[in-house]
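Single-letter residue listing:
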Amino acid sequence: MKSRLFLTLPLMSCFAFVSCFPIPRNEPPRNPDQVKNTTITSEEQQKIEEQREMMKQRELEKQQTELTNQQTLPGNQTQNTIVEPPVVTKTSDYPFANPVPGKVGFVFSPYNNKLVDVRDIPSGTLVQDPTYPLTEKKYFRVP
């Protein structure tokens, strides 16, 4: 009986020691240089990557042409482009909605008197009426 105990005790200790040893895993590289050097396996993914690179190159070319277009003029003046001011509409162009008594943040639409949620929208803001389709585009102001 003692011999079995002396044989099983070392076996159990070896098993416990081996079971606590961490198993190495194949983790992806964390270095950004190593990530860039990995190849894309799918042809579609390669095409997408090529398109992204082309778009980046076009964007850089646009920025370079904009910089060259802003050349200095004689007399140390820079060439300015004329920017038209945005069209400002009067507040009287659009009707104000009617507030719902007892419900803060809710109003009645001035067009069809339906309930509209305008919580967290500042007073006087121009809002599109969600009860109408996008083709009709009815707007009102928050009271």
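Reading guide: rules and limits
- Residues numbered from 1 in each chain as written.
- Predicted model: local features only at pLDDT ≥ 70, side-chain atom pairs only at ≥ 80, totals over all residues.
- Heavy atoms only, no water.
- Helix = DSSP H or I, 4+ residues; strand = E, 2+ residues; numbered from the N terminus.
- Buried < 20%, exposed > 50% of the residue type's maximum accessible area, 1.4 Å probe, protein only.
- Contact = heavy atoms within 4.5 Å.
- Core = buried A, V, L, I, M, F, W, Y, C linked by side-chain atoms within 4.5 Å.
- Pairing = 2+ DSSP bridges.
- pLDDT = per-residue confidence, 0-100.
- Salt bridge = Lys/Arg side-chain N within 4 Å of Asp/Glu carboxyl O.
- Polar contact = N/O pair within 3.5 Å; in protein donor to acceptor, adjacent residues only side chain to side chain.

### What about the overall build of the chain?
So, point 1. Looking only at helices and strands, the chain has 3 helices and 7 strands in total.
So, point 2. In sequence order, the chain lays out its α and β elements as α-α-α-β-β-β-β-β-β-β.
So, point 3. Considering the chain as a whole, with its 143 residues, one finds that 8% of them fall into the buried category.
So, point 4. Put simply, 26% of the contacts in the chain that link residues at least 6 apart link residues at least 24 apart.

### Examining the nonpolar core
So, point 1. Core analysis: the largest hydrophobic core is formed by 7 residues, namely A97, V107, V116, V118, V127, F140 and V142.
So, point 2. Those residues in contact with V127 that lie beyond four places of it in its chain are I121, K138, Y139, F140 and V142.

### Section: the sheet that holds strand 4 (residues 106–108)
So, point 1. Strand order across the open sheet formed by 3 strands is 3-4-5, with antiparallel pairing between neighbours. Looking along the sheet, the strands with just one partner apiece sit at the ends: strand 3 (98–99) and strand 5 (115–117).
So, point 2. Note that strand 4 and strand 5 share 3 bridges and pair antiparallel. Bridge pairing in strand 5 places F108 opposite L115.

### Comments concerning unusual backbone geometry
So, point 1. Here the phi dihedral of N113 falls at roughly 60°; this positive angle occurs in a residue that is not glycine.
So, point 2. Tracing the chain through its elements places N113 in the loop between strand 4 and strand 5.
So, point 3. Judged by relative accessible area, N113 falls into the exposed class, the value being 52%.
So, point 4. In the Ramachandran plot, D120 falls in the positive-phi region, its phi being about 65° despite a non-glycine side chain.
So, point 5. Note on placement: D120 falls in the loop between strand 5 and strand 6 (126–128).

### Focus: the confidence of the model for the chain
So, point 1. Per-residue confidence for the chain gives a mean pLDDT of 76; residues scoring 70 or more make up 70%.
So, point 2. Within the chain, strand 4 carries the highest mean pLDDT (94), whereas strand 1 (residues 72–73) carries the lowest (47).
So, point 3. Here residues 78–82 is modelled with pLDDT under 50, and outside its nearest four sequence neighbours on either side it reaches 4 contacts, counting other chains as well.

### What to know about the side chain of S109
So, point 1. Residue placement: S109 occurs in the loop between strand 4 and strand 5.
So, point 2. With relative accessibility at 1%, the residue S109 sits in the buried group.
So, point 3. Residues in contact with S109, not counting those within four places in the same chain, are K114, V116 and D129.

### Comments concerning the pattern of salt bridges
So, point 1. Within the structure shown, the criterion is met by 1 salt bridge.
So, point 2. In this structure, the salt-bridge partner of R119 is D117, at a minimum N-O distance of 2.9 Å.

### Brief notes about the environment of D117
So, point 1. Tracing the backbone shows D117 in strand 5.
So, point 2. On the basis of relative accessible area, D117 is assigned to the partly exposed category, the value being 40%.
So, point 3. Each residue touching D117, except ones within four places of it in the same chain, is listed here: G105 and F106.
So, point 4. Among the polar contacts made by the side chain of D117, one reaches the side chain of R119 at a distance of 2.9 Å.

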